[in-house]
Amino acid sequence: MSQVFITSWKELPEPLVSSVDAQEAAFIETLNASGGLPFMVSAHFAALAKPDKTDPIRQQFMPYPAEGVPDPFALADPLGEAKHQAAPRLVHQYRDRALLLAGGSCAGYCRYCFRRVWMSRPQHFISGEELLPVLVYLKGHPEIREILISGGDPLMAEDGTLATLFQSLRIARPGLLLRICTRLPITQPSRLTLETVRLFRAYRPLRMVIQSNHPRELAAGTQEALRTCVDQGIPVHVQTVLLRGINDDAQVLAALFRECLQLGLSPYYLFQLDLAPGTAHFRVPLKTGLALYEELKRHISGLGLPVYALDLPGGGGKIPLHQGVIAGEQVDSQGLVYLLQGPEGKLWPYPA
Ligand SMILES: *Cc1c(COP(=O)(O)O)cnc(C)c1O
């Protein structure tokens, strides 16, 4: 079997490998030495890229020296997940839903990853022992009606491992809605076999949330895998991260969301970038994002319009972004920030 994951840029296919310049190659070496987010991409995703530094696929997995530029706004835990930790690997921030960090690895490292610090250390899939306190917590908190299974990427685990996890959750909480958060249908579509989709079916209510940032990611294999889900009665929702130089264009986003509708997928969130270290070069200025979203609204059906949202840095929670969300501005020690109103009325800073 051919190698599925590429962990050295020298193993990239031609002509991509020739597009890696000396600066990039040197930067990748320093990542491995410094414990930064390593270089890794699935062979499938790499094959979608073009040998051009501005290519929207290449930029998502290729480390760029810009990652090394210190960002005064960077936060190791940008969503403040540690604040809402209910048990190891369980985050309970919103009353009726909780987030399980089940997965260990991913099928590649997205350079804009908000769990960059967590992903930079090797993790394993949640063990039976680690799951016990999670199950106890879920039994003791009947107000939780939904669990997000995220990671890493839960689909990196084998079907048998997933089945054991789903079974344990089902026994603890029969009606609990399972939300599988995964990017593998994009990066490794062959993983989503009919057997896996049937496993999902057996544990309904279950929904899948994927991440897609560009229409070119919806390759033939991905379309087929997602059609199988839809055909088998597994609702699929799509999250998109707004990324500078990749999809910060209303036409590109409209094309992506239209394609999602064609496939029977529901665009869900368009995320303003979180403040993870090494990702500032991907940040679309908030006012640019707001203008872009207004333009997007004019281009697509309401069915295809995701909610433009931000996870307030430091644990403030998700808020929808719209014209008028900026309640004020001030100059903090790191620079100019906008003040955004959180769910409880408190003002939270986000870089301008
Ligand atoms: C995003 C998130 C959720 C889910 O929020 P939705 O608005 O339902 O998508 C749940 N828990 C945590 C900690 C989250 O970050």
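The model shown is predicted, which means the values in this text are computed figures rather than measured ones.

Caption draft 1: Here's a closer look at the overall build of the protein. For the protein, the count of helices and strands is 11 helices and 15 strands. In terms of C-alpha radius of gyration, the protein reaches 20 Å, essentially the compact-globule figure of 20 Å for 352 residues. Structurally, the protein occupies a C-alpha span of about 55 × 50 × 45 Å along its principal axes. Here the contacts in the protein between residues at least 6 apart in sequence split such that 74% fall between residues at least 24 apart. Taken as a whole, the protein presents about 14900 Å² of accessible surface, with 55% of it coming from carbon and sulfur. The centroid of the 33 positive side-chain charges in the protein is displaced by 6 Å from the centroid of its 33 negative side-chain charges.

Caption draft 2: Quick peek at the packing of aromatic side chains. What the rule picks out here adds up to 7 aromatic pairs. The interplanar angle of 90° and the centroid separation of 6.1 Å between the aromatic rings of Y112 and F282 together place this pair among those described as edge-to-face. With Y112 in the loop between strand 5 (97-101) and helix 4 (116-120) and F282 in the loop between strand 10 (266-271) and helix 11 (286-299), this pair connects stretches of sequence that are 170 residues apart. The same class applies to Y112 and to F282, which are both buried. Aromatic pair Y293 and Y308: ring centres 5.4 Å apart, planes at 40°, arrangement tilted. In this pair, Y293 is assigned in helix 11 and Y308 in strand 11 (residues 307-312), connecting sequence segments 15 residues apart. What makes Y308 buried here is its relative accessible area of 1%. Aromatic ring contacts, followed pair by pair, group F166, F200 and Y203 into a single cluster. One Lys or Arg, K346, reaches over the ring of W348 and ends 3.9 Å from the middle of that ring.

Caption draft 3: Molecular detail of the pattern of salt bridges. Inspection of every chain in the model, using the stated rule, returns 14 salt bridges. A salt bridge links R183 to E217; the nearest nitrogen and oxygen atoms lie 3.4 Å apart. Placement of R183 in the loop between strand 7 (177-182) and helix 7 (184-187) and of E217 in the loop between strand 8 (206-211) and helix 9 (220-231) is noted, with a sequence separation of 34 residues between them. Neither residue differs from the other here; R183 and E217 are each classed as buried. K297 is the salt-bridge partner of E294, the closest N and O atoms lying 3.1 Å from each other.

Caption draft 4: Broad picture of the environment of L218. Here L218 is to be found in the loop between strand 8 and helix 9. Since its relative accessible area comes to 6%, L218 is described here as buried. As a C-alpha pair, L218 and C260 span 42 residues in sequence and 8.6 Å in three-dimensional space. Not counting chain neighbours up to four residues away, the residues in contact with L218 comprise I186, S212, Q223, L256, E259, C260 and L263.

Caption draft 5: Quick look at the site of the ligand. Around the ligand, the structure places V91, Q93, Y94, R97, L99, L148, R179, Y268, Y269 and K318. Within the side chain of Y268, an N or O atom sits 2.6 Å from an oxygen atom of the ligand. K318 places a polar side-chain atom, nitrogen or oxygen, 3.0 Å from an oxygen atom of the ligand. Here the ligand loses 92% of its free accessible area of 380 Å² to cover by the protein chains. Of all elements in the fold, only strand 4 (90-94), strand 5 and strand 10 reach the threshold of two or more residues within the shell around the ligand. With 3 residues, the top contributor of residues to the shell around the ligand is strand 4. Residue composition of the shell around the ligand, by class: 6 nonpolar, 1 polar and 3 charged.

Caption draft 6: The arrangement of the nonpolar core in detail. L12, F61, L165, F166, M208 and L340 are the most contacted members of the largest nonpolar core, which has 99 residues in total. The element best represented in this core is helix 10 (residues 250-263), accounting for 6 residues. In contact with F166, not counting residues within four places along its chain, are I149, L178, I180, L199, F200, Y203 and L206. The next biggest cluster of nonpolar side chains, apart from the first, holds 12 residues, and it includes M40, L99, C106 and W118.

Caption draft 7: Molecular detail of the side chain of R179. If you trace the backbone, R179 turns up in strand 7. Residue classification places R179 among the buried residues on the basis of a relative accessible area of 10%. Among residues more than four places away in sequence, those in contact with R179 are R97, E146, I147, L148, I149, R207, V209 and Y268.

Parameters at a glance
- Numbers given to residues run from 1 along each chain, matching the order in which its sequence is written.
- pLDDT decides what is reported in this predicted model: residues at 70 or higher carry local features, side-chain atom pairs at 80 or more are listed and counted, and totals for whole chains, interfaces and linings draw on all residues regardless.
- Side-chain measures here rest on the full set of heavy atoms in the structure, leaving out hydrogens and waters.
- Segments assigned H or I by DSSP are reported as helices when at least four residues long, segments assigned E as strands when at least two residues long, and all are numbered from the N terminus.
- As a reference, a globule follows 2.2 Å times the number of residues to the power 0.38, and the radius of gyration itself is taken over C-alpha atoms.
- Any two residues whose heavy atoms approach within 4.5 Å at even a single point are treated as in contact.
- We get accessible surface area from the Shrake-Rupley algorithm with a probe of 1.4 Å; when it comes to residues, only the shown protein chains can shield them.
- We score Asp and Glu as negative and Lys and Arg as positive, and we do not count His or the chain ends.
- By convention, the point assigned to a charge is CZ for Arg, NZ for Lys, CD for Glu and CG for Asp.
- Only centres within 6.5 Å qualify two rings of Phe, Tyr or Trp (six-membered ring in Trp) as a pair; their planes then separate them into stacked at under 30 degrees, edge-to-face at over 60, and tilted for everything else.
- Partly exposed residues are those whose accessible area sits between 20% and 50% of the maximum for their type, while under 20% is buried and over 50% is exposed, using a 1.4 Å probe and protein chains only.
- Throughout this description, the term charge over a ring refers to an Arg CZ or Lys NZ atom that lies within 6 Å of the ring centre and within 35 degrees of the ring normal.
- When a carboxyl oxygen of Asp or Glu lies within 4 Å of a side-chain nitrogen of Lys or Arg, that pair is called a salt bridge.
- Being near a molecule or strand, for a residue, means having at least one of its heavy atoms within 4 Å of it.
- Pairs of N or O atoms within 3.5 Å make up the polar contacts considered here, provided that, within protein, one atom can donate a hydrogen while the other can accept it, and that residues adjacent in sequence are counted only when both atoms are side-chain atoms.
- Three categories are distinguished: nonpolar for Ala, Val, Leu, Ile, Met, Phe, Trp, Tyr, Cys and Pro, charged for Asp, Glu, Lys and Arg, and polar for the others, with Gly belonging to the last.
- Nonpolar core, defined: a set of buried Ala, Val, Leu, Ile, Met, Phe, Trp, Tyr and Cys residues in which side-chain atoms within 4.5 Å join the residues together.

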